[in-house]
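Descriptive structure summary
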Amino acid sequence: PSNILITKDGRAEIIDFGLAKLAGSTRLTIEGSTLGTAAYMSPEQAKGEEVDHRSDIFSLGVILCEMLSGSPPFRGEHEAALLYEIVHEQPEPISACRGDLPEGLQDVVDRALAKEASDRYQSALELAEDLERFRERSAITSSHAGRKGTVHGTGGKLRIAAVAVMIVLVVAASVFVISRLRAPARAEETLLAVVDFTDLADSGDHTFSAGLTGLVHTGLVENSPCRIVSPTYLQDIRRRLFGAKRGPIEDSEALEVARESGASMLLSGQIMSGENAYVAWHLVDVRNGHSLAAQRMPGEELTELADRIVENILPLLTEQCGVEISEPTRSVAELTTADPQAYRHYMAGLLAREEGHYEEELEHLQRAVTIDTTFAKAYYELSRYYTRESGQARTYADKAWEHRSRLGTKDLMLLEAWRYWVDYRIHDALDTHRKLLERWSDDRDVLESLMSKLYGNWYAPEALRIAEKGMELYPDDIAFSRIHWLSLAMDGRLDQALEAVKAQARQHPLNPSAVEDLGLIYLWMCLPDSADAVFDRLLSMDPDYWWAEFGLGASRYFRGDIPGAIEAYERILERSDLTDHDRLFIYNQTVNIYPGLCVLYTEAGRFTEAFATLDRSRRYATDMESELRYYYSPRNSLLLRIRRAKEVLAWARKMRDSDNRIAKLRALVNKGLALAALDSIEAAGAAAEELRAAEPYWGGFANYTAFKIDATVALSERDPETVLVLLQKIRSDHGIPLGSLHGIEYMEILARAHQMAGHPAEAVEVHKDMLRLYGGHALSHYELGKLYEEMERPDDAQREYKTFLDMWSQADEGLPQLFLSDRPGDRRLPAL
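Bear in mind that the values here come from a model prediction, so they are computed numbers and not experimental data. (Residues numbered from 1 in each chain as written. Predicted model: local features only at pLDDT ≥ 70, side-chain atom pairs only at ≥ 80, totals over all residues. Heavy atoms only, no water.)

**Side note on the overall build of the protein chain**
Condition: In DSSP terms, a helix is any run of H or I states spanning at least four residues, a strand is any run of E spanning at least two, and both are numbered starting from the N terminus. Classification of residues uses two cut-offs on accessible area relative to the type maximum, computed with a 1.4 Å probe and protein chains only: under 20% is buried, over 50% is exposed, and between them is partly exposed. In this description, contact between two residues means that some pair of their heavy atoms is separated by no more than 4.5 Å. With residues, only the protein chains shown are counted as cover, and all accessible areas are computed by Shrake-Rupley using a 1.4 Å probe.
A tally of regular secondary structure across the protein chain gives 39 helices and seven strands. The buried share of the protein chain, taken over its 832 residues, is 54%. For the protein chain, long-range pairs separated by at least 24 residues make up 61% of all intrachain contacts whose partners lie at least 6 apart in sequence. Roughly 37700 Å² of accessible area belongs to the protein chain as shown, and the carbon and sulfur atoms make up 50% of that amount.

Next up, the structure:
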């Protein structure tokens, strides 16, 4: 439909024949086709068979069906499914979504969409005649035989095309018009799409073409009165329409991509390198495909060419937008670098990142700042490279900030937000990203960064809203669908989360992360058999996919098999193919496997091995901050769980005078939790208030922890009603991350509140729910034993105590009789 335009004088025109046969070719192959194009293929095209004009009639039938129903008749979620539907399945009747469909019109569409070409209209003229009869309310024959019309010669083919287009116009005018179901640009807004400048020499080195495109885009974002469509949005549209995942948007794709984005103008160009090097640019009116301006200029110096292009295009844009430019134009050299070699290395680094070549990315970015020591954008990208190494990230962010005068408005805001992140000024970073989103609402990286930071900093409700916005613009981008379902789960909406994960898995059937998520949600919904089936399927897809092994180990814990889970985790750590040189694996070791293994040993009462596990992970710490994050944080959590809160408090007091911001914040969190565990009620309350005041720097986790401290204090004061209110506040404001120690602690406090309120039956149900989800949480069996004793159910109590002792059969020797039982009034485990 996007290739059919209505002119001012009411004529319908086809502006692109993307499915037309090449001259001399008799067959059209499917390979390289796209989801957007494939939706309009005939069955014979989909099978790669011979095609003729009757294939066009089928495609026109698809158009008619879409105009009448609002969506195409074949809507497979990936190309293979779509082609299968076209060849084998009958479309849903239009009346299913339109009760007011005029009688007889379905017959026209059905005949145009006949699977066999011989059963269709044999010419466009036949179809036109039936539509004319329909307009006159005459009877429409549904016979597929009797009129074998053919048109011969080039003139006849053109007449067929013309009649076919007029049919579209007739149906649109006489029945009704359905607007396209994408969000258009606001009427008053003029949008410009800048697509990749094509390298005509096809040298294989994309740094020049990508570099020139990036410089022109940077110059126009800074200087143009029009809004520039985000390159990431254009690339995603291109991928959805034409199937290509990477690389420049080609000339044959550009107009359709620009139109789909809502742009009113399109800027494209060609580059010729070598002895007679030149660049040619072309500005087009997207609405009618007419040229607005074009120019060819000699040379191959990047910044000079980009400046000349921007300078020549700006007057045209001001005329189109009806806005005068009052500020002086800034050169792209001022916004990036004046050294072409530095910029080429910068672009090579970004291209290497896209391909997953991270060491190559680092090498190019470092060479860029060596050549130009004032290159702020390159310093910024280096800082992002060291995301997981806070010290390095902060050093490069500071270098970029030192040269921030070399940045445009958007890049300066991005750097500002980034510096806030690395300095732990969470609220300032979020506010800056919200402002970025207001101005560049279609930028995928801005959306994704804000969403991820919201979710990661315990603001799940807002993260969910941003994820939904991202899914509207980038409907099959897994980054948005993942945070979408995770936020739903954190909010307790597991049924909706499951449906979202299933949709994600259908959309990305070959993406291991999408399949893995399905296993994870099954675990969280207490369906370990289903989870195991998913993880086994992952291993059949890729036997080396260690995350599937991690999932199977977690599944054993959820079933209550702690030794099996420990064995699985230890086996992953022993794999010889995962070396110390794999930075990503090292990161996952320190934030997932080692802390998870520590929790497993703790659940089995094997505290000595839990501490030894953390000591093993400590060797991966690269600086003070990673040591705090990957070693001290899980260590203090372990100490708190085994009632060694005094050690945690001593550590927190030692860290509070540190020059390191993250050390101070970690100290503040651990001080409050330790004071609450020691029943220092007044001091714990003051610590909770300190944490709330620190939320702008520490994010929602500070507020979450403050609520948890208040709940623990309320338990000490024997005020269960306040505890229940606080727990509900935690859930509504921040959500509960399932499958984690936070979820266990939340449910433990909830059970104690019910028990203290005199509702042991409710406490029992909480622990039963706990064991359905966290089958390896042995202490719930112990707590159930105490509750059943209180309820005078000795047989049930005996059973739960025995299960607990079986699960702690390998626990450390010489333990006090349960760390959990040193509070006043708690009964110790009776002799069996």
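Still more ground to cover, so stick around.
**Some remarks on the nonpolar core**
Here is the rule: Residues belong to a common nonpolar core when they are buried Ala, Val, Leu, Ile, Met, Phe, Trp, Tyr or Cys residues joined through side-chain atoms within 4.5 Å.
In terms of nonpolar packing, the biggest core is built from 216 residues, with Leu212 and Leu220 touching the most fellow members. Setting aside anything within four residues of it in sequence, one finds Leu220 in contact with Leu192, Val194, Ile228, Leu267, Val310, Leu314 and Leu317. Within the second largest apolar cluster, 30 residues are counted, among which are Tyr40, Val62, Ile94 and Leu131.

**Describing the pairing of strand β7 (residues 291-298)**
Selection rule: Paired strands, in this sense, are two strands between which DSSP finds at least two bridges.
Looking at chain direction, strand β6 (residues 278-285) and β7 are connected through seven bridges and run antiparallel. Directly across from Val279, in β7, lies its bridge partner Met297. Connecting β6 to the next strand, β7, in antiparallel fashion are five residues, including Gly289 with a positive phi near 75°.

**Side note on the environment of Glu402**
With respect to the secondary-structure elements, Glu402 resides in helix α16 (residues 390-402). Note on Glu402: relative accessible area 52%, which makes it exposed. For the pair Glu402 and Ala376, spaced 26 residues apart in the sequence, the C-alpha separation amounts to 8.0 Å.

**As for helix α37 (residues 760-773)**
Let me state the cut-off plainly: Multiplying 1.5 Å by the helix residue count minus one yields the expected span of that helix.
Taking 1.5 Å per residue as the helical rise, α37 with its 14 residues ought to reach 20 Å, and the 20 Å between its terminal C-alpha atoms agrees with that figure. Buried within α37 we find Pro760, Ala763, Val764, Val766, His767, Met770, Leu771 and Leu773.

**As for the pattern of salt bridges**
Just so we agree on the cut-off: The term salt bridge refers to a pairing of a side-chain nitrogen on Lys or Arg with a carboxyl oxygen on Asp or Glu at a separation within 4 Å.
Scanning the entire structure with this criterion turns up 49 salt bridges. Between Glu462 and Arg434 there is a salt bridge; the shortest N-O distance is 2.9 Å. One end of the pair, Glu462, is in helix α20 (residues 460-473); the other, Arg434, is in helix α18 (residues 426-439), and 28 residues separate them in sequence. Take Glu462: its relative accessible area is 18%, and that puts it in the buried class. Owing to a relative accessible area of 28%, Arg434 belongs among the partly exposed residues under this scheme. Several salt bridges converge on common partners, so that one network encompasses Asp236, Arg239, Arg240 and Asp476.

**Considering helix α25 (residues 546-559)**
Taking 1.5 Å per residue as the helical rise, α25 with its 14 residues ought to reach 20 Å, and the 20 Å between its terminal C-alpha atoms agrees with that figure. Across the 14 residues of α25, 11 count as buried, placing the element largely inside the fold. Here α25 has its buried residues at Trp546, Trp547, Ala548, Glu549, Phe550, Gly551, Gly553, Ala554, Ser555, Tyr557 and Phe558. Phi turns positive one or two residues past the end of α25, at Gly560, with a value near 100°.

**Things to note about the pairing of strand β5 (residues 265-272)**
Here is the key point about a regular strand: its side chains alternate between the two faces of the sheet. Counting buried positions over the eight residues of β5 gives seven, a clear majority of the element. Of the pairings in the sheet, the one linking strand β3 (residues 191-199) to β5 comprises six bridges and is parallel in character. Its bridge partner lying in β5, Thr198 is registered against Gln270. Inspection of the sheet shows β5 paired to β6 by eight bridges, in the antiparallel sense. In the strand pairing of β6, Gly269 is matched with Trp281. Hairpin remark: β5 followed by β6, antiparallel, with five residues in the connecting loop; positive phi at Gly274, about 105°.

**As for the packing of aromatic side chains**
Worth spelling out the cut-off: Stacked, edge-to-face and tilted are the three classes for Phe, Tyr and Trp ring pairs, Trp counted by its six-membered ring, which pair at centre distances within 6.5 Å; planes under 30 degrees apart are stacked, over 60 edge-to-face, the rest tilted.
Counting across every chain of the model gives 25 aromatic pairs. Judged by centre distance (5.5 Å) and plane angle (40°), the ring pair of Tyr343 and Tyr346 falls under tilted. With Tyr343 and Tyr346 both in helix α13 (residues 340-354), this residue pair falls three residues apart, about one helical turn. The class of Tyr346 is buried, set by a relative accessible area of 4%. Taking 6.3 Å as the distance between ring centres and 50° as the angle between the ring planes, the aromatic pair formed by Tyr424 and Trp698 counts as tilted. Linking Tyr424 in the loop between α17 (409-422) and α18 with Trp698 in helix α33 (residues 695-698), this pair joins segments that are 274 residues apart in sequence. Since its relative accessible area comes to 10%, Tyr424 is described here as buried. For Trp698, a relative accessible area of 10% corresponds to the buried category.

**Quick word on empty space enclosed by the protein**
Cut-off, in case you're wondering: In the cavity and pocket records, a cavity denotes points on a 1 Å grid over the protein atoms alone where a 1.4 Å probe fits but cannot get out, a pocket denotes an open set with protein on both sides within 12 Å along at least 5 of 7 lines, and lining residues are residues with an atom within 4 Å of a point. Grid points are joined across faces, edges and corners, and a volume is the space filled by probe spheres set on the points. For this classification, the nonpolar set comprises Ala, Val, Leu, Ile, Met, Phe, Trp, Tyr, Cys and Pro, the charged set comprises Asp, Glu, Lys and Arg, and every other residue, Gly included, is treated as polar.
Enumeration according to the criterion identifies two cavities of 30 Å³ or more in this entry. When its volume is computed, the second largest cavity comes out at roughly 30 Å³. Every residue lining the second largest cavity is listed: Ala460, Pro461, Ser487, Met490, Asp491, Arg731, Ser732, Asp733, His734 and Gly735. Secondary-structure elements contributing two or more residues to the lining of the second largest cavity are α20, α21 (478-490) and α35 (720-734). The leading source of residues in the lining of the second largest cavity is α35, at four residues. Considering only residue class, the lining of the second largest cavity consists of three nonpolar, four polar and three charged.

**Some words on the environment of Val669**
Following the sequence through the fold, Val669 ends up in helix α31 (residues 661-677). In this structure Val669 comes out as buried when scored by relative accessible area, which is 6%. Spatially, the C-alpha atom of Val669 lies 8.3 Å from that of Ala706, the residues being 37 residues apart in sequence. Setting aside residues up to four positions removed in sequence, Val669 forms contacts with Leu691, Trp698, Phe701 and Thr705.

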